[in-house]
Amino acid sequence: MNLCRIHLSEEMGELALPLAQEAHAKATNKLKPEHPTTLDAWRLVGDCHRLMGDTKQAQTIYDRVLAKLRESQNEKHPSVIACNNSIAKNALAEKDYAKAAPILDDVLRLNIDRLGPNHLSSWRIQHNIAECYHGLDKRDDAEKLWLELWERSTELPKPLFRSETRLQQKFATGLINLYEASEKPEQQQEWQAKLDAVGP
């Protein structure tokens, strides 16, 4: 499962899919099909489909997983939060920002209650919220949030872990795309230089 999550963090859905399917099959046999661990593995199968571009199949899986989870868990359960987050990311992949934004707001609130505002998962959710702002043409809000996230990420101890580096790259890329859309070439070049400095 750990290797599957690594591939997913690198957005390598095709490599992660057989591992996620294997994990789901093993959990189904070892635990009950409705066990949260089994459902988490099934959700990861959906994440693989999303990364491979099959958002329809991903949504079908997420809907079934969430329905099963809600039979025994409340909205604060980590598995429910994770599934709602996946649903929001699927909406982002479909550029349905109006659908994704309120889900992400709820997910962020619950995630901060559970893990705090400076946990990397909270930053990832906020990055996706900034993507929604951009998609909804709320460019000032998107810029403010990405700049805040970037500043907070620069305060992390060095050297950065790969997951931290990838987040910095996402923040910088978000700002580059924002400034390109806003026709601000100087800021775009500035952030391209910062992105290059982060490294591959």
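Now for a look at the structure at hand. Please read all numbers here as calculations on a predicted model, not as lab measurements.

Conventions used here
- Residues numbered from 1 in each chain as written.
- Predicted model: local features only at pLDDT ≥ 70, side-chain atom pairs only at ≥ 80, totals over all residues.
- Heavy atoms only, no water.
- Helix = DSSP H or I, 4+ residues; strand = E, 2+ residues; numbered from the N terminus.
- Buried < 20%, exposed > 50% of the residue type's maximum accessible area, 1.4 Å probe, protein only.
- Contact = heavy atoms within 4.5 Å.
- Core = buried A, V, L, I, M, F, W, Y, C linked by side-chain atoms within 4.5 Å.
- 1 Å grid on protein atoms, 1.4 Å probe; cavity = no way out; pocket = protein on both sides within 12 Å on 5 of 7 lines; lining within 4 Å.
- Points joined across faces, edges and corners; volume = space filled by probe spheres on them.
- Nonpolar A, V, L, I, M, F, W, Y, C, P; charged D, E, K, R; others polar.

## Brief notes about the side chain of Asn 85
Stage number 1. Following the sequence through the fold, Asn 85 ends up in helix H5 (residues 78-93).
Stage number 2. On the basis of relative accessibility, which here comes to 15%, the residue Asn 85 falls in the buried class.
Stage number 3. Setting aside residues up to four positions removed in sequence, Asn 85 forms contacts with Leu 104, Val 107 and Ile 125.

## Here's the deal with the nonpolar core
Note on soluble globular proteins: their nonpolar side chains tend to be buried together.
Stage number 1. Cys 83, Leu 104, Trp 123, Cys 132, Trp 146, Phe 171 and Trp 191 are the most contacted members of the largest nonpolar core, which totals 50 residues.
Stage number 2. Of all the elements, helix H6 (residues 97-115) adds the most residues to this core, at 8 residues.
Stage number 3. Excluding residues that lie within four positions of it along the chain, Cys 132 makes contacts with Leu 92, Tyr 97, Ala 100, Ala 101 and Leu 104.

## Let's talk about the layout of surface pockets
Stage number 1. Taken as a whole, the largest pocket encloses approximately 1,400 Å³ of empty space.
Stage number 2. In terms of lining, the largest pocket is formed by 39 residues, of which the most central are Arg 50, Asn 85, Lys 89, Arg 124 and Asn 128.
Stage number 3. Here the residues of the lining of the largest pocket sort into 13 nonpolar, 12 polar and 14 charged.

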